[in-house]
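Structure at a glance
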Amino acid sequence: PPRTLFPLGVLAIGADGTILADFRPPGRSPLTSLTKANDHFRSAARDERPVIGEVFTDARLSPAGVLPLAVAIRTPGAPVTAVLLAPLPVDDPDLFGKLLGMKIGRTGRMMLVSPTDRRIVAASRPDDVMKSVADPGVNSALDRRLYEGDEQPSIATTTGGSRVLG
């Protein structure tokens, strides 16, 4: 079956929060819960740059969680006129599928963590998705990766006591 870049649809929202257009594939739930009150919408409109929001759950859209993307629409020299908002299901195979299918290390587990809210956005074990990772200061290797951009290999111990390559 044909795949679409935004399987849940796309919203165009005016700078005042009014929905200008709501495109969604047939049978999909309305995206109206993703409007003005959400930080990613306000950030894109205010900062005039693309925004990747925090993962949230909405069973109507995706049982695994939703990752919102937002980008401001403006004419050069004019204020922002609208924001395009596209929610992506975190279990969409085109988003993280190949990455999560890789076998790494002894267990082969892989996870992607949001630095904003320290939640697991995607994981090779579906039960791990949307769980929080250790608080800042508990896992120094994770902290270095999330906040300092450290890409050096390291070995860390998880809160469950497993030694992992990070």
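Residues numbered from 1 in each chain as written. Predicted model: local features only at pLDDT ≥ 70, side-chain atom pairs only at ≥ 80, totals over all residues. Heavy atoms only, no water.

1. Regarding the overall build of the protein chain
Keep this limit in mind: Only DSSP runs of H or I with at least four residues qualify as helices, and only runs of E with at least two residues qualify as strands; both kinds are numbered from the N terminus onward. We call a residue buried when its accessible area falls under 20% of the maximum for its residue type, exposed when it is over 50%, and partly exposed in between, using a 1.4 Å probe and counting protein chains only. Throughout, a contact is declared for two residues whenever any of their heavy atoms are within 4.5 Å.
Looking only at helices and strands, the protein chain features three helices and ten strands. When the helices and strands of the protein chain are read in sequence order from the N terminus, they spell out β-β-α-β-β-β-β-α-β-β-α-β-β. Looking at the 166 residues of the protein chain, the share that counts as buried comes to 40%. A separation of at least 24 residues holds for 38% of the contacts in the protein chain among residues at least 6 apart in sequence.

2. Focus: the pattern of salt bridges
We count it as follows: Basic side-chain nitrogens of Lys or Arg form a salt bridge, by our definition, when they fall within 4 Å of a carboxyl oxygen of Asp or Glu.
Evaluation of the coordinates by the stated rule reveals two salt bridges. In this structure, D143 engages R118 in a salt bridge whose closest nitrogen and oxygen atoms are separated by 3.1 Å. In this pair, D143 is assigned in helix α3 (residues 140-148) and R118 in the loop between β7 (111-113) and β8 (120-123), connecting sequence segments 25 residues apart. For the pair shown, D143 and R118 are each scored as buried.

3. So, the confidence of the model for the protein chain
Put simply, the rule reads: On a range of 0 to 100, pLDDT expresses the predictor's confidence in each residue.
Of all residues in the protein chain, 84% have pLDDT values of 70 or greater, and the mean over the chain is 77. Averaged over each element, pLDDT in the protein chain is lowest for strand β10 (residues 163-165) (68) and highest for strand β2 (residues 19-23) (87).

4. Points about the side chain of D128
Among the structural elements, D128 can be located in the loop between β8 and α3. On the basis of relative accessible area, D128 is assigned to the buried category, the value being 8%.

5. As for the nonpolar core
Worth spelling out the cut-off: Each nonpolar core is a collection of buried residues, namely Ala, Val, Leu, Ile, Met, Phe, Trp, Tyr and Cys, held together in the definition by side-chain atoms within 4.5 Å.
Core analysis: the biggest nonpolar cluster contains 17 residues, and V55, V90 and F96 have the highest contact counts within it. Breaking this core down by element, the ones donating at least two residues are β5 (62-74), α2 (93-100), β8 and α3. Among the elements that line this core, the one with the most residues is β8, at four residues. V90 has contacts with V55, A64, G65, V66, L67, L95, F96, V121, A122 and V129, leaving out every residue within four places of it along the chain. Counting twelve residues, the second largest nonpolar core, distinct from the first, contains L11, A44, V51 and A70.

6. Observations regarding α3
Let me state the cut-off plainly: Two N or O atoms count as a polar contact when they lie within 3.5 Å, although within protein this holds only if one can serve as hydrogen donor and the other as acceptor, and sequence-adjacent residues are included solely when both atoms are side-chain atoms.
Among the residues of α3, those classed as buried are A141, L142, D143 and L146. At the N-terminal boundary of α3, the capping side chain belongs to N139, with an oxygen 3.0 Å from the backbone nitrogen of L142.

7. Brief notes about the pairing of strand β6 (residues 80-89)
Just so we agree on the cut-off: Pairs of strands are assigned from DSSP output, requiring at least two bridges between the strands.
Judged by how many residues are buried, β6 sits mostly within the fold: eight of ten residues are covered. By the bridge criterion, nine bridges tie β5 to β6 in an arrangement that is antiparallel. Looking at β6, one finds that R74 is bridged to V80. In textbook terms, the turn of a hairpin is the stretch between consecutive antiparallel strands, and for β5 and β6 this stretch comprises five residues, one of which, G77, has a positive phi near 80°.

8. Some details on the environment of A134
Here A134 shows up in the loop between β8 and α3. Its relative accessible area of 14% is what places A134 among the buried residues. Sequence-wise, A134 and R118 are 16 residues apart; in three dimensions their C-alpha atoms are separated by 7.8 Å.

9. Examining the pairing of β2
Direction of pairing for strand β1 (residues 10-14) relative to β2: antiparallel, over a ladder of four bridges. By the bridge assignment for β2, L11 is matched with D22. Taking the residues between adjacent antiparallel strands as the criterion, β1 and β2 are bridged by four residues, where G17 takes a positive phi near 95°.

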